[in-house]
Amino acid sequence: MFKDLLKLELFPTTWCPGCGIGQLMIQLAMVMEELGLDHTNCTIISGVGCTGRLAGYFNVDGVYTLHGRTLPVAEAVKLVNPSLEVIVVSGDGDLASIGGNHLLHCARRNPNLTVLCNNNQVYGLTGGQAGPTTPRDTKTVSSPAGAPYDPVNLQNLMKAGAKYFYAKTTVYHQVHLRSCVREAIAWPGFAFVDITSQCIENNGRRLGFNSAYEMLLHFRRTYKRAPEGAETLGPYEIGIVRKG
Amino acid sequence: MKRLVQGNEAVFLGAIRAGADFFAGYPISPSSEILVLAAEQAAKDPGFRFIQSEDEISAANAIIGASLAGAKSFTATSGPGFTLMQEAIGYAHQVEVPAVFVNVQRVGPATGMPTMPAQQDVMQIKYGTSGDYYPLVFYPNSVEECYRYAITAFNAAEESLSPVILLSDAFVGHLNEVVDVDAIEVEAIPRGRPSLGTGKRFFTGLTHDEEGHPRTADAAVYREWLSRIRTQHEKVAVHYSDFEFKENPSSDTLLISFGIVSRVVAPLASQFALFRPIRIFPMLSHEIHECAQSYDKIVVIEANDGQYAWLVERELKRDIVHVPLLGGRINLDLVKNGLSEKLRREVV
Ligand SMILES: Cc1ncc(C[n+]2csc(CCOP(=O)(O)OP(=O)(O)O)c2C)c(N)n1
Ligand code: SF4
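Cut-offs used in this document
- Starting afresh in each chain, residues are numbered from 1 along the sequence in its written order.
- Each chain is given a letter, starting from A, and each ligand a number, starting from 1, according to the order in which they appear as written.
- A pLDDT threshold of at least 70 governs which residues receive local features in this predicted model, and a stricter bar of 80 or more applies before side-chain atom pairs are shown or counted, although totals over entire chains, interfaces and linings include all residues.
- The basis for the side-chain values is all heavy atoms of the structure; hydrogens and waters are excluded.
- Each helix is a run of DSSP H or I of at least 4 residues and each strand a run of E of at least 2, with the numbering of both proceeding from the N terminus.
- Our radius of gyration is a C-alpha quantity, and the globule rule it is checked against amounts to 2.2 Å times the number of residues to the power 0.38.
- Buried residues are those whose accessible area, probed at 1.4 Å on protein chains only, stays under 20% of the maximum for their type, while exposed residues exceed 50% and partly exposed ones sit between those limits.
- Throughout, a residue-residue contact means that at least one pair of heavy atoms, one from each residue, lies within 4.5 Å.
- With residues, only the protein chains shown are counted as cover, and all accessible areas are computed by Shrake-Rupley using a 1.4 Å probe.
- Here the positive residues are Lys and Arg and the negative ones are Asp and Glu; neither His nor the chain ends is included.
- By convention, charge coordinates are those of NZ in Lys, CZ in Arg, CG in Asp, or CD in Glu.
- Whether a set of points on the 1 Å grid over the protein atoms alone is a cavity depends on a 1.4 Å probe fitting there but being unable to get out, while an open set qualifies as a pocket with protein on both sides within 12 Å along at least five of seven lines; lining residues are those with an atom within 4 Å of a point.
- Grid points are joined across faces, edges and corners, and a volume is the space filled by probe spheres set on the points.
- Any residue with a heavy atom lying within 4 Å of a molecule or strand is counted as near it.
- Basically, the charged four are Asp, Glu, Lys and Arg, the nonpolar ten are Ala, Val, Leu, Ile, Met, Phe, Trp, Tyr, Cys and Pro, and anything else, Gly included, counts as polar.
- At least two bridges found by DSSP between two strands is the condition for calling them paired.
- Expected helix span is taken as 1.5 Å per residue step, with the number of steps being one fewer than the number of residues.
- Each direction from the helix axis to a C-beta atom contributes to the arc, which is the arc of those directions.
- N or O atoms within 3.5 Å of each other form a polar contact, as long as, within protein, one can give a hydrogen and the other can take it, and as long as residues adjacent in sequence are counted only when both atoms are side-chain atoms.
- Exposure above 30% relative accessible area and the lack of any salt bridge qualify a residue for a patch; like charges then connect within 9 Å, and the nonpolar side chains Val, Leu, Ile, Met, Phe, Trp and Tyr within 5 Å.
- What makes a salt bridge here is a side-chain nitrogen of Lys or Arg within 4 Å of a carboxyl oxygen of Asp or Glu, nothing more.
- Take the accessible area each of two parts loses on contact, using a 1.4 Å probe, and add the two losses: that sum is the buried area.
- Interaxial angles span 0 to 180 degrees and are taken between N-to-C directions of axes, which are lines fitted to C-alpha atoms, for helices over the stretch in contact.
- Each domain span listed reflects an automatic or database assignment of domains.

Caption draft 1: Local environment of the overall build of chain B. Helix and strand counts for chain B come out as twelve helices and 16 strands. Compactness check: chain B gives a C-alpha radius of gyration of 20 Å against a globular reference of 20 Å for 348 residues, within 12% of the reference. Dimensions of chain B, computed from the C-alpha atoms along their principal axes, are close to 65 × 50 × 40 Å. Residues counted as buried form 58% of the 348 residues belonging to chain B. When contacts within chain B are restricted to residue pairs at least 6 apart in sequence, those whose partners lie at least 24 apart make up 73%. With an accessible surface of roughly 13,600 Å², chain B has 51% of that area assigned to carbon and sulfur atoms. Of the charged side chains in chain B, 31 are positive and 43 negative, and the gap between their average positions amounts to 1 Å.

See the structure below:
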C-alpha cells in the first residue's frame, strides 16, 4: 500500500485543509510504491516552506534543508551515493527565488535528480507574499496594487541547458502528474517538474476562490494537454519537453 | 619522506589522511590551493568527490548533504566566503552534521586585502550564525600542525557531530616548511552515523525532539536540546585542550598569541612568558586562568583590533592590554613597538 510509505501517525499534517501539497504527497507516494522506492533506496530532500514539510511525512530518510538550499544538498547526496534515488520536493519560492542561483547551476551540471516544484505562485508559509512565479498584476499581501513584474519563465530557464527535462502539470491532473513524476525519475539527468498547486489560505481566497475545490476546477478548466511532440509548452499547457 | 610542504597543502593532506572523500568550494584567496588540490585528487581518485560550487552558500550546504550521505566532507574559504557559509554552519549545528570548514583568514571587512594575513574572523567564527551554539575551533601555527589539526578537526567533528572550524591565515596557509607528513601519527575516527538511505529519519533545521519531529513552540524541548549540545561539545573539547605555554619566572608579563602571530612573538620568550591556545574555542578557560595567575600583566597580541583580547578579559575578569597588528603587516618590530607603547617601556 502506498500509505505504508507515509508516517500516518503524524497526521493530521501541518497543512491547511485543501492545500495542494497533500495531493502532491499522495501522488508521489503512489509513484514510489509503483517503482519500489522505499527507505532502502530513496531519500527526499526539501527546503523551508509549507512544501518542505512533506519530507517529514515519508517513511524514508528526509532532509528539510535551509530555505533555498535543497539543490546543493541533493546534488552532494547523489554524488556520494549514486545508487540512491534522490527526490527534491520544494516550493517555487524556495527553488526559483532564494535558491535561483543553485537552480541555474545545478541544472547546468545536470546531476541525476528529480525535482518536484510545488508551484502555488506565492510564498505560502510566510503569509502569501508575491514571489518570482506570481503572475503579473496579481494582488498579494506584498503586491497590493498587483505584482509589478512578469514571472520567471521556468520552462525557458530549464531549456537554456544543452540537456534538459521540464514537465508542467497540476495537482488536479493526477494521472498526468504521476506520469510526469515517473518519467522524471526515469530521466538520467536533472528533471524539473513544475506542478501548479493551490494555496487556498494565503492566496486562493484573496483571488476570489471560496474553496480549494474551486481552485482545482479552475486548473481543470484552464490547463490543457500539449499536442503530442510539442517542443514548447504554451502558458496553460501541461506536458513534458526534454532533450537528452 | 621529508619535503617542502605548504600550509594549505598540509591541510589538504591531513584531510585526506583523516579519510575525507568529499570537497565542495568556491575559489577565494588565500585558500584556493586547497580547492585546486581537491580537484586534482578527484581527477585521480574516483572515490574522492569534488564540486566546484556556484558560491559559498552552495559549497557549505553541499558538504552538509555529503556528510549526511556518509562522506567525510570539507570546504575551504576565507572571511567573505565564511560569512556566506554562516547560515549553513548554524544548520549543521541544529542538525548535528559533522563537517570541516577551513577558514584561511585575510584582511577584512568585505573584500579587504585579499592576499594579506589577518585574524579578524575570531568573532564571526564564534558568534556569526544565528542562535546559540558552541563551535569547536582549532588554529595551527606551522605546516606540521596544519596537517595534524586537519585530522583533529575531522575527529572532533565526528565525535561532537558538529561543524568544526580549522582556522588559518594567509601567512600560515602560504608558509613552506620541511616536514615528513607520513611520519606524523594521528588516529582517524571513522564515520559513525548511518548514511541517508538506511532509515526513516527526518533531519530538520527546525527545533526538534530526539526523534527529529519538529517542536517549534516548546521551550522545554529547546532548552533540553541546547543543554545536551553544549555538554556534548564540552566533552569533546576536553579531548583537545591543546595549547603551548612557556613560563618565564623572571617576567611579570604573559603574552597571549595564536596562529601566525605566535610564530612572530616566539623570539620574545627570554623576556616574557608566552601562552598560545591551539583550541581557540571553546576557550581554554581553565588553562588560561592557571597560566595567567602568576603574571601581573596579560597582553593579547593578535592581527585584529582586540577580538580575542576582549574574550580573554571577560574570561579572566582582569584588565588586559591588547596589541593589534593591522592591515596585514605582522612582524617582530611591530610587535615590539606595540609592546613598548602599551607597556610604557622599551621592549627590544
Ligand atoms: C534565509 C531565510 N529567509 C527567509 C525565510 C522565511 N521563509 C520561510 S518559507 C518562505 C517562503 C516559502 O515559499 P515557497 O518556497 O514558495 O514555499 P511554500 O510555503 O509556498 O510551500 C520564506 C520566505 C527563511 N526561513 N529563511
Ligand atoms: S498556507 Fe497555503 S501552501 Fe501553506 S499549507 Fe496553507 S494552503 Fe498550503
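Caption draft 2: Main features of the overall build of chain A. What chain A contains, in helices and strands, is eight helices and ten strands. Here chain A has a C-alpha radius of gyration of 17 Å; the compact-globule value for 244 residues is 18 Å, and the two agree. Reported as C-alpha extents along the three principal axes, the dimensions of chain A are approximately 50 × 45 × 35 Å. A total accessible area of about 9,700 Å² is found for chain A, and carbon and sulfur atoms account for 53% of it.

Caption draft 3: Molecular detail of the layout of surface pockets. Residues and elements named next belong to chain A. Volume-wise, the largest pocket comes out at about 720 Å³. Q121, P135, Y223, P235 and Y236 are the residues nearest the centre of the largest pocket, which is lined by 29 residues in total. For the lining of the largest pocket, the element with the highest residue contribution is helix α8 (residues 212-222), accounting for four residues.

Caption draft 4: Summary view of the site of ligand 2. Taken together, W15, C16, C19, C50, N120, G124, C199, I200, E201 and N202 of chain A make up the full set of residues adjacent to ligand 2. Its residues placed into classes, the shell around ligand 2 shows six nonpolar, three polar and one charged.

Caption draft 5: Representation of the pairing of strand β9 (residues 176-179) of chain B. Residue and element names in this part refer to chain B. Because side chains alternate across β9, one face comprises the buried residues E177 and V179, and the other comprises N176 and V178, none of which is buried. Bridge count between strand β1 (residues 3-6) and β9: four bridges; the pairing is antiparallel. Bridging from a neighbouring strand, V5 pairs with E177 of β9.

Caption draft 6: Structural detail: helix α8 (residues 219-239) of chain B. All names here are of chain B. With 21 residues, α8 extends 31 Å between its outermost C-alpha atoms, agreeing within 8% with the 30 Å of an ideal straight helix rising 1.5 Å per residue. Considered for burial, the residues of α8 that qualify are V221, W225, L226, I229, Q232, H233, V236 and A237. Buried residues along α8 cover an arc of 135° about the axis, so they all sit on one side. Exposed side of α8, more than 90 degrees from the buried face: R223, E224, K235 and V238 are the residues found there.

Caption draft 7: View of the environment of V11 of chain B. Residues and elements named next belong to chain B. Following the sequence through the fold, V11 ends up in helix α1 (residues 7-17). Accessibility expressed as a relative area gives 3% for V11, which makes it buried. V11 sits 135 residues away from C146 along the chain, and the two C-alpha atoms are 5.1 Å apart. The residues touching V11, leaving out its near neighbours within four places in the chain, are I34, V102, C146, A150 and L166.

Caption draft 8: Seen up close, the environment of N59 of chain A. Along the chain, N59 of chain A turns up in the loop between β1 (42-47) and β2 (61-65). Here the alpha-carbon distance between N59 of chain A and F11 of chain A, two residues 48 residues apart in the chain, equals 13 Å. If we skip the residues at most four places from it in the chain, N59 of chain A touches D4, L5, L6, K7 and H39 of chain A together with K200 of chain B. Separated by 3.2 Å, the side chain of N59 of chain A and the backbone oxygen of L6 of chain A make a polar contact.

Caption draft 9: Expanded view of a nonpolar patch on the surface. Where nonpolar side chains cluster on the molecular surface, the patch consists of L104, V152 and L157 of chain A and spans about 210 Å² of accessible area. Here L104 of chain A lies in helix α4 (residues 100-109).

Caption draft 10: Geometry of the interface of chain B and chain A. Listed per partner, the contact involves 34 residues of chain B and 34 residues of chain A. With both chains or domains summed, chain B and chain A bury close to 2,800 Å², and 62% of this area falls on carbon and sulfur atoms. Interface area lost by chain B to chain A is led by E54, K200 and F202 of chain B, which between them contribute 23%. The interface formed by chain B and chain A includes 14 residue pairs in polar contact (both at pLDDT 80 or more). Those elements that place two or more of their residues in the side of chain B that touches chain A are β3 (49-52), α3 (56-68), α4 (79-95) and β10 (202-204) of chain B. Sort the elements by how many residues they give to the side of chain B that touches chain A and α3 of chain B lands first, with seven residues. Here the residues of the side of chain B that touches chain A are counted per class, giving 16 nonpolar, twelve polar and six charged. Pairing of β2 of chain A with β10 of chain B, which is carried by three bridges, proceeds in the parallel orientation. Within the sheet, the bridge partner assigned to G62 of chain A lies in β10 of chain B and is F202 of chain B.

Caption draft 11: Spatial organisation of the site of ligand 1. Near ligand 1 lie 17 residues; those nearest to it are C50, T51, D92, D94 and G124 of chain A. Looking at the residues close to ligand 1, they fall on chains A and B. Within the side chain of T51 of chain A, an N or O atom sits 2.5 Å from an oxygen atom of ligand 1. Relative to its unbound accessible surface of 580 Å², ligand 1 loses 77% to contact with the protein. Only α3 (92-98) and β5 (122-123) of chain A provide two or more residues apiece to the shell around ligand 1. When residues in the shell around ligand 1 are grouped by element, the largest group, four residues, is from α3 of chain A. When grouped by side-chain class, the residues that make up the shell around ligand 1 number six nonpolar, eight polar and three charged.

Caption draft 12: Molecular detail of the sheet that holds strand β9 (residues 224-225) of chain A. Ordered by their spatial adjacency, nine strands build an open sheet running β9(A)-β10(A)-β7(A)-β8(A)-β4(A)-β3(A)-β1(A)-β2(A)-β10(B), and the pairing between neighbours is mixed. Pairing within the sheet leaves two strands with one partner each, and these edge strands are β9 of chain A together with β10 of chain B. Packed on one face of the sheet, helix α2 (residues 70-80) of chain A meets β1, β2, β3 (85-91) and β4 (114-119) of chain A and runs near 175° to β3 of chain A.

Caption draft 13: Up close: the domain arrangement of chain B. Residue and element names in this part refer to chain B. One can read the domain layout of chain B as domain 1 (3-239) and domain 2 (243-343). Computed from C-alpha atoms alone, the centre-to-centre distance between domain 1 and domain 2 is 26 Å. Across the contact, 30 residues belong to domain 1 and 24 residues belong to domain 2. In total, about 2,300 Å² of surface goes out of reach between domain 1 and domain 2, with carbon and sulfur atoms giving 61% of it. If you look at where domain 1 meets domain 2, you find two salt bridges. Between R263 and E177 there is a salt bridge whose closest N-O contact spans 2.4 Å. At the boundary of domain 1 with domain 2, the tally comes to 17 residue pairs in polar contact (both at pLDDT 80 or more). Mapped by element, the contributors of at least two residues to the side of domain 1 that touches domain 2 are β6 (113-117), α5 (122-127), β7 (137-138), α6 (143-160), α7 (170-173) and α8.

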